[in-house]
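# Structure at a glance
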Protein chains: 2
Amino acid sequence: MTIDDLTGKTGEWLRGEGAMSDVVLSSRIRLARNLADRPFLASASQTERTEIYRTLVDEITQTPTGADAMVVDVDDLDTVDRGILVERHLISHQHACGEGSRGVTISPDETQSLMINEEDHLRIQGLRSGLQLEAIWDDINAVDDAVSSRLAIAFDQDLGYLTACPTNVGTGIRVSVMLHLPGLKYTKEIERMARAARDMRLAVRGLFGEGTDAVGDFYQISNQTTLGKSESAIREAFSNRIIPKIVAYERQARETLIKKRTVKLDDRIWRAYGVLSNARRISGDETQSLLSPLRMGIHLGRFDRFGIAALNEMFLYSQPAHLQRLHGKSLEGQERAIARADYLRERIGAAT
Amino acid sequence: MTIDDLTGKTGEWLRGEGAMSDVVLSSRIRLARNLADRPFLASASQTERTEIYRTLVDEITQTPTGADAMVVDVDDLDTVDRGILVERHLISHQHACGEGSRGVTISPDETQSLMINEEDHLRIQGLRSGLQLEAIWDDINAVDDAVSSRLAIAFDQDLGYLTACPTNVGTGIRVSVMLHLPGLKYTKEIERMARAARDMRLAVRGLFGEGTDAVGDFYQISNQTTLGKSESAIREAFSNRIIPKIVAYERQARETLIKKRTVKLDDRIWRAYGVLSNARRISGDETQSLLSPLRMGIHLGRFDRFGIAALNEMFLYSQPAHLQRLHGKSLEGQERAIARADYLRERIGAAT
């Protein structure tokens, strides 16, 4: 399997399936792990770093799930291929931009990716569309067990798993759920929701995690601290309380829009379609901002020119790396805006 | 002939014909005349005003061109019908909103309209699409002669025609040309053009004359003073120098856009189309702003979903009074914005 094989499909996180998929785009759990007998990366030499990378690749590929995985040496990739992995949420932006020996193993269905030498020696990530934290947990817990059975993992009886950054010490777990919240945005309730989430010590971020804005009305909600809470307590809170509550608010906001601001809602949806299907140049941010009301419109049955699958494809392929892969060459600013508009018109034409 | 008959067609000023019609929407000449033996309107009693109105209607309808004209008692009209006459540029906004005995006679082809008891007792107006000042002059000069042969007109050997407002004293002529200048607007040269025009003592106004903004990139250029200049000198200056020069600048600006900002130009044109053909509510101003790049796009051969005739129809019927006439009932703000969007989608659907 190669990165070329990946780009022929939409990827797990945009499958549009799973519970509450009208609001929950995808769920993710990642575990931070470090080898017991090696230095943390901040104090590792290039040689040690390379050894850690080789050791982890060797061992992971001998685990049951690792055997089928695609092993990618991230340091070896060109900019476009790195971008493709980021855009598919298989590696972090930091991992793409980092330096030195590092890589990722990716399961064929893209539900599991194991980043090696990102901030920690190993980050085990499970990703599924919709709200599917238990299924993800089953996956990555098995991976964690398999890896732990082959390698000594840095663990302290009192503190738990030891990690490069203190905020990850403990279970080393981060649960993140990507939510599409145009209803709360348009009814101007989003800030209240974000404040409430922050009061609960949750992080609220944009589409690509830390430091990114909430483009396209996507908000990523994740736990901030891991020390002193069990994995199951965190998962349980997300699956049964936090996310269902936000989803309920979002659905209520959408109902309000339909009942009280029908024309304004439809106008926003259809204007977005008008621009997407006619623009001759368009930025990535504007594309995502316009796809947002269409996504909601499809779920509310108020837009029918194409469905979620086509929308998700446009969402993914309008991003810089996928767009350049589609065009088979590197494209600069203005060229890219033109290529994006061309792609959208063609894709919408084919879908309608 | 009734106002209902008018609304079945586009009207002279939007015919899209005449010289330089890619830039010149329409030309207009009006003559201000007052009866010699009656007081100016500012000092006339209601009885005198009514007598002036009756006298002028009686005499006008006995002239050769007046015989076929529709006589409209403006004071009798409802708001929508007054609006229709304003939107077709057959009467001024002031005339529609005025009070007391007043009216207009309109030739069947809408090239001539004679306002009675607007600011002056009589305003003879000739209107044609494109740059056609000589043809207009021939028309209204004949009307002026016919009226003058039946009625004594206020005239002073030294000053010329006497008018209610001193700026009209002399020939009492105002020449106005409506220009579509999106090229100069987009290349940011419009202010320079407007300054140059003002330096030549020309007035630069919006679509409906005095006090209106240049919505939809339309600019009305007209002479400010009439005293001491012959009618022919003013016409000659407009026909042979002023307007051809502005038209040349505008065409040059459009060429620059095509050559140097092709994608930006096409993007503007097609986004406008996307919004017009998909919006669920839209204001009159936004409609005109969006029709503007389409008008230019059609003339430059860069937009082909419909032609100038359909565009002019949309331009006219998206205005409040025509829109309400089309819907057969009065429509308030939000309703009107919805009706306008519905009309545009339907009209564009039929045209494409």
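Sequence positions are assigned chain by chain, starting from 1 and proceeding in written order. Think of it this way: whatever chain is written first is A, whatever ligand is written first is 1, and the rest follow in order. In keeping with the model being predicted, local features are shown solely for residues with a pLDDT of at least 70 and side-chain atom pairs are shown and tallied solely at 80 or more, while totals for entire chains, interfaces and linings include all residues. Neither water nor hydrogens contribute to the side-chain values; these are computed over all heavy atoms in the structure.

What follows deals with helix α11 (residues 308-317) of chain A. One turn of an α-helix holds 3.6 residues; hence residues three or four places apart share an orientation. Only protein chains enter the accessibility calculation, which uses a 1.4 Å probe; a residue whose area is less than 20% of its type maximum is buried, one above 50% is exposed, and one in between is partly exposed. Numbering goes from the N terminus for both helices and strands, where a helix is a DSSP run of H or I of at least four residues and a strand is a run of E of at least two. In terms of burial, α11(A) is a largely internal element, eight of the 10 residues being buried. Along α11(A), the residues classified as buried are A:Ile308, A:Ala310, A:Leu311, A:Asn312, A:Met314, A:Phe315, A:Leu316 and A:Tyr317.

Okay, the sheet that holds strand β4 (residues 112-116) of chain B next. All names here are of chain B. A pair of strands is treated as paired once DSSP finds two or more bridges between them. Ordered in space as β2-β3-β4-β5-β1-β8-β10-β9, the eight strands form an open sheet in which the pairing is antiparallel. Two strands bound the open sheet, and with one partner strand each, they are β2 (70-73) and β9 (202-205). With direction set aside, neighbouring strand axes in the sheet form an average angle of 20°. Alignment of strand β3 (residues 103-106) against β4, held across four bridges, turns out to be antiparallel. Bridging across to β4, Ile106 finds its partner in Ser113. Throughout, a residue-residue contact means that at least one pair of heavy atoms, one from each residue, lies within 4.5 Å. Axis lines are fitted through C-alpha atoms, for helices just across the contact stretch, and the angle between N-to-C directions can take any value from 0 to 180 degrees. In the packing of helix α7 (residues 190-199) onto the sheet, contacts are made with β9 and β10 (218-223), and the angle to β9 comes to roughly 145°.

When the copies are superposed, the least-squares fit draws on C-alpha atoms of residues that have pLDDT of at least 70 in both. Of the two same-sequence chains, chain A is brought onto chain B (RMSD 0.0 Å, axial shift 0.0 Å) by a rotation of 180°. Such a combination of turn and shift is consistent with a two-fold rotation axis. Scanning chain A for the C-alpha nearest the rotation axis identifies A:Gly274, at a separation of 1.9 Å. When the interface residues of chain A are mapped onto chain B, 100% of them again fall at the interface, so both copies present the same face.

Before going further, it helps to examine the pairing of strand β10 (residues 218-223) of chain A. Residues in a regular strand project their side chains so that they alternate between the two faces of the sheet. Residues and elements named next belong to chain A. For β10, the tally of buried residues reaches six of six residues, placing the bulk of the element in the interior. On β10, burial covers both faces: Phe218, Gln220 and Ser222 on one face and Tyr219, Ile221 and Asn223 on the other are all buried. Note that strand β8 (residues 173-180) and β10 share five bridges and pair antiparallel. When the sheet's bridge partners are listed, Ser176 is paired in β10 with Ser222. In the sheet, strand β9 (residues 202-205) pairs with β10 via four bridges, with the strands oriented antiparallel. Each residue of the ladder has a partner; that of Leu202, found in β10, is Asn223.

Here the focus is the packing of aromatic side chains. Residues and elements named next belong to chain A. Only rings of Phe, Tyr and Trp enter the pairing, Trp through its six-membered ring, and a pair is recorded when the two centres are within 6.5 Å. The plane angle decides the type: under 30 degrees is stacked, over 60 is edge-to-face, the rest tilted. Under the defined criterion, the tally for this structure stands at 16 aromatic pairs over all chains. Three or more aromatic residues joined by ring pairs make a cluster, and in this case those are Trp270, Tyr273, Phe303 and Phe306. Both a distance and an angle decide whether a charge sits over a ring: NZ of Lys or CZ of Arg must be within 6 Å of the ring centre and within 35 degrees of the ring normal. Just above the ring of Tyr161 sits the side chain of Arg33; from NZ or CZ to the centre is 3.4 Å. Positioned above the aromatic ring of Tyr186, the side-chain terminus of Arg268 is 3.5 Å from the ring centre.

On to the side chain of A:Arg235, then. Residue and element names in this part refer to chain A. Its location among the elements puts Arg235 in helix α8 (residues 231-260). A residue is classified by how much of its surface remains accessible, and Arg235, at 8% relative accessible area, is buried. Identification of polar contacts relies on pairs of N or O atoms within 3.5 Å, with a donor-acceptor requirement for protein atoms, meaning one able to donate a hydrogen and the other able to accept it, and with residues adjacent in sequence counted only if both atoms are side-chain atoms. At a separation of 3.3 Å, a polar atom in the side chain of Arg235 contacts the side chain of Glu134. Residue contacts for Arg235: discarding those within four places in its chain leaves Ile29, Leu133, Glu134, Trp137 and Val175.

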